[in-house]
Amino acid sequence: MVVASPPPLARTGEKKLLLPKLPTVDLSGPRADVAQQIVKAAETVGFFKVTHHGVGPATVSRMAQESLGFFARPDHEKKRAGPADPFGYGCRNIGFNGDVGEVEYVLLNTHPGSIAQRSLTINSTDPTKFSSAAGGYIEAVKEVACEILDMMAEGLGATDAEAFSKLIRDVDSDSVLRLNHYPPFLLPSPSSAVDHPAAELKVGFGAHTDPQILTVLTSNDVAGLQVHVDGDVWVSVAPDPTAFFVNVGDVLQVAMTNGRFVSVKHRALNVNAAKPRLSMAYFAAPPLNCTISPLPEMVTPSRPSLYRAFTWAEYKKASYSLRLGDSRLDLFKTQ
Ligand code: GA4
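Described below are features of the structure shown in this document. (Residues numbered from 1 in each chain as written. Predicted model: local features only at pLDDT ≥ 70, side-chain atom pairs only at ≥ 80, totals over all residues. Heavy atoms only, no water.)

With that settled, consider empty space enclosed by the protein. Enumeration according to the criterion identifies one cavity of 30 Å³ or more in this entry. In this model, the largest cavity occupies a volume close to 50 Å³. Around the largest cavity, the lining residues are Leu217, Ser219, Val222, Ala223, Gly224, Leu225, Val237, Ala238, Pro239, Phe245 and Arg277. Class assignment of the residues belonging to the lining of the largest cavity gives a composition of eight nonpolar, two polar and one charged. (1 Å grid on protein atoms, 1.4 Å probe; cavity = no way out; pocket = protein on both sides within 12 Å on 5 of 7 lines; lining within 4 Å. Points joined across faces, edges and corners; volume = space filled by probe spheres on them. Nonpolar A, V, L, I, M, F, W, Y, C, P; charged D, E, K, R; others polar.)

Structural data, given as structure tokens:
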């Protein structure tokens, strides 16, 4: 689960740390047990791997092939699908406030009409091939996100277990799909790959939390994703193209648990690998006009609401007005 060289020790200055094992949840287990495991993972790390998620490998590989096909095109063709405004093709620039990373990407609004429109520039020779791969993939990962959200709510004993999945299934949901392509960070010689300090330095996508409700991500078999865990440690996630990686977003931290779940900080590094890393991340979001406030069960006299109510539109605007690594939730704290 945890990638380290040599495992399981990581070097941080002079100290040697035992890296924590990131949680894995087998979704085919008994529902009540799975719900408890998900709640535990969401409140300890805010990140977990899911296996036996029910999404067929063909759905994932079709999307991956279409994505790789696009990224393999010449720059002038890719640029026709950009610039990212925030939707469309972007290269190195992330957001609008000067963040950069060693990554090229496509950000897609998940509405079928928007996907169809974007497909015209992403795969101009066969746009329906792209739109059908993306449509199938989005429907599949949306189901995974909704299933997990329902189990989180059940595990917490919420009265309306579908309160969150309803927002994701809403026709006006603001969910987005991101396709990321990270070039490898090639070291000068194979021998320099061993414990090369610079191998830690190329940042594909800098440290941040996801503003949305929940993120469901998969990647090819190239490493690079790291999550920030308690004790100020970055833990590398072993790639597993058959699994999904799920993380709690800012809105879920606020709205489902009034701060109990952790919107996990994570980043992507460019690693010394034989090929680029491809990741595909679905960010499950509510409709823009949805008001975000904690489930009533999560607010008690001894634990009053930590954040003031806000709309997703307001939160999104705040996110885009700040830098990637800035703490946006602080703006909405009650004290
Ligand atoms: C992080 C999560 C998603 O990738 C994303 C990103 C968005 C962007 O790249 O356009 C943001 C970033 C993300 C958080 C803060 C703002 C917005 C770049 C940025 C500096 C699509 C999202 O929704 O928020």
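A separate point is the site of the ligand. Close contacts around the ligand come from 15 residues, with Arg178, Pro211, Gln212, Phe283 and Tyr320 the closest. With respect to the ligand, the side chain of glutamine 212 contributes an N or O atom lying 2.7 Å from an oxygen atom. In the model, an oxygen atom of the ligand is placed 2.7 Å from a nitrogen or oxygen of the tyrosine 320 side chain. Against a free-state accessible area of 460 Å², the protein chains account for coverage of 97% of the ligand. At the level of elements, strand 7 (99-109) and helix 8 (312-321) are the ones that each hand at least two residues to the shell around the ligand. Among the residues forming the shell around the ligand, the class breakdown is seven nonpolar, four polar and four charged. (Near = heavy atom within 4 Å. Polar contact = N/O pair within 3.5 Å; in protein donor to acceptor, adjacent residues only side chain to side chain. Areas by Shrake-Rupley, 256 points an atom, 1.4 Å probe, with all protein chains shown as cover. Helix = DSSP H or I, 4+ residues; strand = E, 2+ residues; numbered from the N terminus.)

With that out of the way, let us pick up the side chain of aspartate 99. Among the structural elements, aspartate 99 can be located in strand 7. Looking at aspartate 99, its side chain comes within polar contact range of the main-chain nitrogen of leucine 324, at 2.8 Å. Setting aside chain neighbours within four positions, we find aspartate 99 in contact with Arg92, Asn93, Ile94, Arg323 and Leu324. (Contact = heavy atoms within 4.5 Å.)

Between glycine 82 and the following residue, proline 83, the backbone shows a cis peptide bond with an omega angle of -5°. Considering the arrangement of structural elements, one finds proline 83 in the loop between helix 3 (75-78) and strand 6 (88-94). For arginine 92, which is not glycine, the phi dihedral falls at a positive 70°. Within the element layout of this structure, arginine 92 appears in strand 6. One non-glycine residue, asparagine 258, lies in positive phi territory at about 50°. If you trace the backbone, asparagine 258 turns up in the loop between helix 7 (250-255) and strand 14 (266-269).

Our next topic: the layout of surface pockets. Estimates place the volume of the second largest pocket at around 790 Å³. Around the second largest pocket sit 48 residues that line it, and Ile94, Gly95, Arg178, Phe205 and Tyr320 are the ones nearest its centre. Taken together, the residues that form the lining of the second largest pocket break down as 24 nonpolar, 14 polar and 10 charged.

The next point concerns the packing of aromatic side chains. As enumerated under the stated definition, the model contains eight aromatic pairs in all. Each ring, one from phenylalanine 70 and one from phenylalanine 71, has its centre 5.4 Å from the other, and the planes form 65°; the classification is edge-to-face. Per residue, the accessibility class of phenylalanine 70 equals that of phenylalanine 71, and both read buried. Measuring from ring centre to ring centre gives 5.1 Å for phenylalanine 310 and tyrosine 315, while their planes differ by 25°; the resulting arrangement is stacked. (Phe/Tyr/Trp six-rings, centres within 6.5 Å; stacked < 30°, edge-to-face > 60°. Buried < 20%, exposed > 50% of the residue type's maximum accessible area, 1.4 Å probe, protein only.)

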